[in-house]
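Structure at a glance
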There are 2 protein chains.
Amino acid sequence: MSTSSAAQQPSPVLFFQTINAHQRTEALKAAIELEVFTAIGEGNATAAEIAKRCQASEKGIRVLCDYLTIMEMLTKQGDRYALTLDSSVFLDKRSPAYLGSATEFLCSPMLTQGFRQMTEAVRKGGTAIDDEGTIGPDHPIWVKFARGMAGLMSMPAQLMAKLVDPNADRKLKILDIAAGHGLFGIAFATQNKQVEVTALDWKAVLEVAKDNAEKAGVAERYSTIEGSAFDVEFGSGYDLVLVTNFLHHFDPPTCEKLLKKVHAALADGGRAVTLEFVPNDDRVTPPEVAGFSLVMLVGTPSGDAYTFRELEQMFANAGFSGSTLHELPPTFQQVVISEK
Amino acid sequence: MSTSSAAQQPSPVLFFQTINAHQRTEALKAAIELEVFTAIGEGNATAAEIAKRCQASEKGIRVLCDYLTIMEMLTKQGDRYALTLDSSVFLDKRSPAYLGSATEFLCSPMLTQGFRQMTEAVRKGGTAIDDEGTIGPDHPIWVKFARGMAGLMSMPAQLMAKLVDPNADRKLKILDIAAGHGLFGIAFATQNKQVEVTALDWKAVLEVAKDNAEKAGVAERYSTIEGSAFDVEFGSGYDLVLVTNFLHHFDPPTCEKLLKKVHAALADGGRAVTLEFVPNDDRVTPPEVAGFSLVMLVGTPSGDAYTFRELEQMFANAGFSGSTLHELPPTFQQVVISEK
């Protein structure tokens with residue numbers, strides 16, 4: 001996003017780009033729903049050809065594809081549209097890295113409603129949707145999450161497994177808290193035949209994780225615990241407890257309560273492995289990570305994107321001896337490894 | 001907006017920026033509603049100070065101001081926030097160039113609802129909201145438009161008056177079609193004491209225009225015609241007919257029908273002065289102008305952003321002898337002057 005703030009003359013460009021930014025979201029959603037990128041990937045190039053394939057009007061497709069060209073998600077030569085590299089990899093349904101299904105979660109009414117009530121959330125300091133936002137018991141959004149975000153999480157899961165278990169040559173008993181799609185635990189089990197995973201989540205969500213374990217061929221080393229991580233028994237003697245994209249939903253005292261349970265469930269020498277959006281101490285860099293704080297403000301009662309300093313303190317208060325921060329490039333997220 | 005499309009490696013960054021772009025709109029709206037920019041302009045710098053002034057929670061304000069910093073609408077040093085040049089000029093309520101009131105129109109449910117039904121609009125080739133979208137008779141959105149967009153239109157109106165009547169030294173009888181806030185006609189009347197303006201719009205909208213004419217001190221040279229530009233009598237002998245931000249709501253045959261009426265209402269040697277978003281023939285540049293086509297797709301049955309070639313043809317079909325295209329810097333819009 002270009003800005004004129006550094007220039008000498010004031011400009012309303014950033015105001016207009018921002019106040020109209022919702023149009024970009026809706027255009028991308030519509031294009032994914034209509035399978036415009038897939039249609040172009042299949043070889044349809046003119047508005048007339050794409051319209052026929054997408055069962056839409058030629059004018060509507062022309063206007064939408066022009067807008068996608070302006071957004072640099074398509075290119076246009078004469079009256080022929082083509083995919084960019086990113087669009088062909090991430091937005092054509094036939095691509096293994098297709099991200100389109102993530103929109104069902106990322107644009108679910110639950111999340112967008114929270115954003116539409118942001119003024120009230122800022123006044124309150126937490127979600128204005130209802131008492132618990134997305135962290136209510138058995139909230140159906142997590143099934144959408146598990147189904148929609150799996151494609152996106154496959155690569156980070158493999159990167160994390162390589163970071164934490166680089167030699168993949170010894171027995172590991174792993175607890176995967178709020179497992180969702182299950183891909184983090186499954187990545188460890190896939191690269192190391194001596195790994196046994198216990199996945200914990202709501203019952204409906206675990207069905208997705210079990211399907212994924214089956215598909216990955218690790219079902220016989222995959223078991224589950226149904227319920228809330230705050231209520232159920234974890235068992236004990238785990239070498240690793242995975243806490244992926246979970247702590248940001250809660251305030252620090254609640255996180256510490258959970259981390260004490262994690263600490264107790266670990267074997268001596270065991271490690272908690274946390275995947276999070278960890279902003280720098282300034283809380284405004286890096287942008288993709290720091291901006292996640294707002295998602296938690298509008299969607300949860302008291303969640304946040306915590307700095308490493310804050311996470312380190314929570315783990316220390318829960319009894320861990322030390323924590324280290326690791327980047328997980330090319331993802332935006334960070335891994336915190338904490339020793340019992 | 002940065003994009004990785006040109007790079008060697010595919011990246012999902014643009015996908016995430018776009019699918020989450022609605023968050024930017026909501027954050028700006030919330031900040032305007034809460035008067036965050038005004039609070040900072042008044043000297044409140046920390047989240048605690050701003051929260052107190054805005055009657056909001058400190059956490060909510062901290063998260064929102066961090067997000068505004070990421071969006072480059074604020075700066076942050078330590079825990080102190082400050083306005084950028086653009087924010088101080090356009091987003092502090094105390095500034096004469098304040099744009100915050102435009103959000104009532106730009107983010108009205110009528111317009112955003114159209115965007116949320118974009119898939120259906122692309123299928124149909126026109127708005128999915130109802131039969132007529134925003135162009136239905138007496139649609140209340142135009143009062144919001146007239147009230148909210150006046151601040152924004154003051155500068156373009158003055159630029160247009162200087163372009164069209166540079167010497168301001170002769171009697172001009174002007175018809176201002178779909179006058180809205182009235183500022184275009186009023187700008188001509190303000191710079192030239194021999195100008196008489198007749199403003200045409202829905203009755204409720206004309207109340208706003210008359211207020212503005214009163215404030216500008218030109219009320220005694222300002223008269224009105226209530227109703228639809230397609231139905232009412234224009235009168236005759238006009239030197240100028242202003243057609244500002246109007247043609248884009250309609251299809252070319254409807255535009256031509258209107259332009260024939262305009263042609264008939266002009267005196268010999270008279271000119272039609274059209275303000276429009278006029279994209280280049282490629283329909284994807286310049287971005288701010290070309291993107292307006294999508295706003296018309298989702299909000300009107302058959303509107304569009306027309307190229308100069310298309311506008312020129314409409315005016316020729318309506319009997320005009322010739323049209324010329326003029327930029328109106330620093331605005332994004334263009335002026336087409338057509339001779340009877």
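Because the structure is predicted, anything quoted here is derived from the model rather than measured.

Bringing the pattern of salt bridges into the picture now. Residue and element names in this part refer to chain A. Taken as a whole, this structure holds 20 salt bridges over all chains when the rule is applied. Where Glu207 meets Lys210, a salt bridge forms, and the shortest distance between an N and an O atom there is 3.6 Å. Of the two residues, Glu207 and Lys210 both sit in helix H13 (residues 203–215), three residues apart, roughly one turn of that helix. In this structure, Glu310 and Arg283 form a salt bridge, with 2.4 Å as the shortest nitrogen-oxygen distance. On the criterion of sequence distance, the pair formed by Glu310 in helix H17 (residues 308–317) and Arg283 in the loop between strand E7 (266–276) and helix H15 (287–290) is long-range, its members being 27 residues apart. The exposure class of Glu310 is partly exposed, given its relative accessible area of 28%. Put simply, Glu35, Glu42, Arg53 and Lys93 are held in one network by salt bridges that share partners.

On to the pairing of E7 of chain A, then. One face of the sheet, then the other: side chains in a regular strand alternate in exactly this way. All names here are of chain A. Among the 11 residues that make up E7, nine are buried, leaving the element largely enclosed by the rest of the structure. In the sheet, strand E6 (residues 238–244) pairs with E7 via six bridges, with the strands oriented parallel. Residue pairing in the sheet places Leu240 in a bridge with Arg271 of E7. Of the crossover connections in this fold, the one passing from E6 over helix H14 (residues 252–265) to the parallel E7 is right-handed. Bridge count for E7 against strand E9 (residues 334–339) is six bridges, and the pairing is antiparallel. Pairing of Arg271 across the sheet is with Glu339, part of E9.

A separate point is the packing of aromatic side chains. All names here are of chain A. On inspection of all chains with the given rule, the structure shows 18 aromatic pairs over all chains. Residues Phe105 and Phe145 carry aromatic rings whose centres are separated by 5.0 Å and whose planes lie at 70° to one another, so their mutual orientation is edge-to-face. On the criterion of sequence distance, the pair formed by Phe105 in helix H7 (residues 103–106) and Phe145 in helix H10 (residues 141–148) is long-range, its members being 40 residues apart. Phe145 gets classed as buried once you look at its relative accessible area, which sits at 15%. Following the ring pairs from residue to residue traces out a cluster consisting of Phe105, Trp142 and Phe145. Above the face of the Phe234 ring, Lys261 is positioned so that its terminal group lies 4.2 Å from the ring centre.

Quick look at the packing of helix H2 (residues 22–34) of chain B against helix H5 (residues 58–70) of chain B now. All names here are of chain B. With their axes 10 Å apart at the nearest point, H2 and H5 run at an angle of 120° to one another. Judged by the angle between their axes, H2 and H5 are oblique. In terms of crossing hand, the pair formed by H2 and H5 is left-handed. The residues of H5 that touch H2, namely those facing Gln23, Arg24, Ala27, Ala31 and Leu34, are Leu64, Tyr67 and Leu68.

Tallying the contact residues gives 83 residues for chain A and 83 residues for chain B. The contact between chain A and chain B buries some 7200 Å² in all, and 68% of this surface belongs to carbon and sulfur atoms. At the surface where chain A touches chain B, the tally comes to two salt bridges. One salt bridge connects Arg62 of chain B with Asp304 of chain A, and the closest N-O pair in it is separated by 2.5 Å. Run the count over chain A and chain B and you get 28 residue pairs in polar contact (both at pLDDT 80 or more).

A word on the nonpolar core. Formed by 64 residues in total, the largest nonpolar core has its most connected members in Val36, Phe37 and Ile61 of chain B. Leu34, Ala56 and Phe145 of chain A together with Phe292 of chain B belong to the second-largest nonpolar core, a separate cluster that totals 62 residues.

A separate point is helix H12 (residues 183–191) of chain B. The buried fraction of H12 of chain B is high, at seven of nine residues. Taken together, the buried positions of H12 of chain B are Leu183, Phe184, Gly185, Ile186, Ala187, Phe188 and Ala189 of chain B.

Here we take up the relation of the copies chain A and chain B. For the pair of chain copies, the relating operation is a rotation around an axis with a shift along it. When chain A is fitted onto chain B, the two copies agree to an RMSD of 0.0 Å after a turn of 180° and an axial shift of 0.0 Å. The superposition operator between the copies reduces to a two-fold rotation axis. Of all interface residues in chain A, 100% are interface residues in chain B too; the two copies therefore contact each other through one and the same surface.

Rules behind the numbers
- Think of each chain on its own: its residues are numbered from 1, step by step along the sequence as written.
- Each chain takes a letter, starting from A, and each ligand takes a number, starting from 1, following the order in which they are written.
- Given that the model is predicted, a residue must reach a pLDDT of at least 70 before its local features are reported, and side-chain atom pairs must reach 80 or more before they are shown or counted; all residues, however, enter totals for whole chains, interfaces and linings.
- Working from all heavy atoms in the structure, the side-chain values ignore hydrogens and water.
- Salt-bridge detection follows one rule: a side-chain nitrogen of Lys or Arg within 4 Å of a carboxyl oxygen of Asp or Glu.
- Numbered from the N terminus, helices here are DSSP runs of H or I no shorter than four residues, and strands are runs of E no shorter than two.
- The rule is simple: take the accessible area with a 1.4 Å probe, protein chains only, and divide by the maximum for that residue type; under 20% is buried, over 50% is exposed, in between is partly exposed.
- Only strands joined by at least two bridges in the DSSP assignment are considered to pair.
- The path from the first strand over the helix to the second decides the hand: if it runs clockwise while the strands point away from the viewer, the crossover is right-handed.
- Within 6.5 Å between ring centres, the rings of Phe, Tyr and Trp (the latter by its six-membered ring) count as paired, and their orientation is classed by plane angle as stacked under 30 degrees, edge-to-face over 60, tilted in between.
- Charges are assigned to positions over rings by a cutoff of 6 Å between ring centre and Lys NZ or Arg CZ, combined with an angular limit of 35 degrees from the ring normal.
- Every angle, taken between N-to-C directions, lies between 0 and 180 degrees, and every axis is a line fitted to C-alpha atoms, over only the stretch in contact when it is a helix.
- Between 65 and 115 degrees an angle is taken as roughly perpendicular, under 35 as roughly parallel, over 145 as roughly antiparallel, and anywhere else as oblique.
- Handedness of a helix crossing follows the sense of rotation of the near helix relative to the far helix, less than a right angle counterclockwise being left-handed and clockwise being right-handed.
- The contact rule is simple, with two residues in contact once any of their heavy atoms fall within 4.5 Å.
- Two parts placed together each lose some accessible area under a 1.4 Å probe, and the buried area is that loss summed for both.
- In protein, a polar contact means a hydrogen-donor-capable atom and an acceptor-capable atom, both N or O and within 3.5 Å, with residues adjacent in sequence counting only if both atoms are side-chain atoms; elsewhere, any N or O pair within 3.5 Å suffices.
- The term nonpolar core refers to a set of buried residues drawn from Ala, Val, Leu, Ile, Met, Phe, Trp, Tyr and Cys, joined through side-chain atoms within 4.5 Å.
- Least squares is the method used to superpose the copies, on C-alpha atoms of residues holding a pLDDT of at least 70 in both.

It is worth stressing that arrangement in space is one thing and function is another; only the former is reported here.
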